[in-house]
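Spelled out, the chains give:
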Amino acid sequence: MQRIGVFVCHCGSNIAATVDVKRVVEEAKKEQGVVHAEDYPYMCSEAGQALIAAAIKEKNLGGIVVCSCSPRMHEATFRKAAERAGLNPYMVEIANIREHCSWIHKDMEEATEKAVILARAAIAKVHLNAHLHPGESAVTKRALVIGGGIAGIQTALDIAEAGYKVDIVEKTPSIGGRMSQLDKTFPTLDCSACILTPKMVEAAAHENITIYTYSEVEKVSGFVGDFSVDIRKKARSVDMNKCTGCGLCQEKCPSKKSLSEFNRGLGTRSAIYTPFAQAIPNVPVIDRESCIKFKTGKCGLCEKVCQAGAIDYAQTDEIITEKYGAIVVATGFDTINLDKYGEYAYHESPDVITSLELERVMNAAGPTKGHLERLSDGKAPKEIVFIQCVGSRCDDHRGKPYCSKICCMYTAKHAMLIRDKYPDVNVTVFYIDVRTPGKNFDEFYRRAVEEYGVNYIKGQVGKVVPQPDGSLLVQGSDLLDGKQMKMRADMVVLATAIEPDPSVRKIATMLTASIDTNNFLTEAHPKLRPVESPTAGVFLSGVCQGPKDIPETVSQAGAAAVKVIGLLAKDKLTTNPCTAESDSLLCNGCSVCQNVCPYGAISYEDKEINDHGIRETRRVAVVNGALCQGCGACTVACPSGAMDLKGFSNRQIIAEVDAICR
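A brief structural summary. (Residues numbered from 1 in each chain as written. Predicted model: local features only at pLDDT ≥ 70, side-chain atom pairs only at ≥ 80, totals over all residues. Heavy atoms only, no water.)

## A word on the packing of helix α1 (residues 21-29) against helix α4 (residues 108-128)
Line of reasoning, step 1. In the contact formed by α1 and α4, the axes pass within 9 Å of each other and the chain directions differ by 35 degrees. In this structure, α1 crosses over α4, and the sense of that crossing is right-handed. Of the residues in α4, those touching α1 at R23, V24, E27 and A28 are E109, T112, A115, V116 and I123.
Line of reasoning, step 2. Residue composition of the contact of α1 with α4, grouped by class: 5 nonpolar, 1 polar and 3 charged. (Axes fitted to C-alpha atoms, helices over the stretch in contact; angles between N-to-C directions. Helix = DSSP H or I, 4+ residues; strand = E, 2+ residues; numbered from the N terminus. Left-handed = near helix turned anticlockwise from the far one by under 90°. Contact = heavy atoms within 4.5 Å. Nonpolar A, V, L, I, M, F, W, Y, C, P; charged D, E, K, R; others polar.)

This is the structure we're talking about:
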């Protein structure tokens, strides 16, 4: 029987305000095998850890239970303290009496009773704990960044500067992401391209960075330190080594009616195209769905005019397989679909546009060459209405429940730029709340109101109605004056909610990374591990993790890079010993566990089994301990009870249940 010590933390008043800590200690002393029990105000502090270490040595403890906060917070802390005192770290159990008890109860008697039960369950488990020892795995000193926006570029540059090889995989023909579509950035109003283009050039020229554009991640296998990734390089139909980027093929292409994705569908492009002037690589790609050659077999004009002989219609997709030690997801964002918001007449009038479309209109390289004009007739607008929170902070099924964070600021930016360049244009902003929490953000918003005369109206717009004369009737409410109002506008700009790029679900599935109900990738811990995924070796950068502006994105990109560098700097990693194991005598070779394993850690092989003196060859499950993440799916699915989880065995779980039910 184990000699067990129980340590109960007050956590200041977090636990002690609702739980009678002294009583928990007294009740713990009554449990079989408990030879020591005490409480301390802050068990995770240096003094608290010293107290645990002293008790382990003095009482010769074989296992300990710490009644404190979530193991997600401090399990590693207490395991290290136990290990320093000579106790195997896997003989430590955490009874979560804060999140699971004190924080969710108001009645002290009820909370104390539950805390005692949780402690009793943890003690029962410790009796059956065994000494576990982590293994080791080698680290491939190369990183993969999925996404070539500003988050992916900055992450890759930081990793590359530390001396490690990095591959960027970008699904579009050029790196640059959403930032490349912007005209100016807040709160400094400097040119977006002027900031981004040098970064793009630096990434393309860096000796440690390889860029795969027009490519997608096809398959991911392996584990932290040793991922194997298949990358599909889609056929550009243009030889990147031969192309000089002269642009003659695009100029001569007769098929010029395809909508430009880069200009958000506001302009057209040719079937062979480079997304934008500063694109990297500056090599065009053929859109095979629009190309006359691929549709009819005729034309081939681009091949005829290309003096470098770079056009290759026979080019096919290529699969590249690489090994990586770490993966960074930087898949970015898109704006929501407005099909469900018919009240704003977005699909009825070309003069109702989104803020991202306005960015393209105001950009010198955009569809109107930077001139602010109505898309319906090309006339200069005199009245512009901005509508905030379209799809953000929604309590219905149409939009998103969260604040998109950047909309208030970029609307103020747009309003200031319009008023500065076109002072005769009246700008009105309908808003729910103005949210400006960043550095110099509120001052920026105040400038829009006080210096540029932008009219902010607190209220929502109920309907936008196109009029026969081409104007737009905006029906809204002014909550401060308590009245309904109608006003005419020449243009309406919708500040639409942002959401993770649609590709993130596929990426998350391949990486076995967690996503929340809004499809944002979930961090390992919102405060202590904000750039790490719960899946070891997978890191998060940029808006794939949640709404954020450019400075915050760049900051997170740097943080993710530091985490990757810290991982790649190691020659070997310790592996988690809490993995599944198969009992060959019980395994019937049904393959159920293999089918449910999300990590591909289970395989089958033929083994000679000695079953009570009878020798026979059976097909049995074998677990790859390096791949296994200890999720326990196989133990639940196994019909014969052959699969078990070290550190969380069926016997241990049943012992906990029995202790709770006593």
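## Topic: the nonpolar core
Within soluble globular proteins, side chains that are nonpolar generally end up buried alongside one another.
Line of reasoning, step 1. V6, I64 and V65 are the most contacted members of the largest nonpolar core, which has 42 residues in total.
Line of reasoning, step 2. Counting residues per element, the ones that place at least two in this core are β1 (4-9), α1, β2 (34-40), α2 (46-59), β3 (63-68), α3 (71-84), β4 (92-96) and α4.
Line of reasoning, step 3. Here the element with the most residues in this core is α4; it accounts for 7 residues.
Line of reasoning, step 4. Contacts of I64, omitting those with residues within four sequence positions, involve G5, F7, I52, I56, A82, L87, M91, V92, E93 and V126.
Line of reasoning, step 5. One finds I353, A415, V493 and F520 within the second-largest nonpolar core, a separate group that totals 37 residues. (Core = buried A, V, L, I, M, F, W, Y, C linked by side-chain atoms within 4.5 Å. Buried < 20%, exposed > 50% of the residue type's maximum accessible area, 1.4 Å probe, protein only.)

## Digging into the pairing of β4
Line of reasoning, step 1. Of all the 5 residues making up β4, 5 are buried; the element is thus mostly covered by neighbouring parts of the structure.
Line of reasoning, step 2. Neither face of β4 is left uncovered, since the one carrying V92, I94 and N96 and the one carrying E93 and A95 both have all their residues buried.
Line of reasoning, step 3. Two strands pair when backbone bridges link them, and β3 and β4 are joined in this way by 5 bridges, in the parallel orientation. The partner of C67 across the bridge, within β4, is A95.
Line of reasoning, step 4. In the classification by handedness, the crossover that spans β3, the intervening α3 and the parallel β4 is right-handed. (Pairing = 2+ DSSP bridges. Right-handed = clockwise from strand over helix to strand, strands pointing away.)

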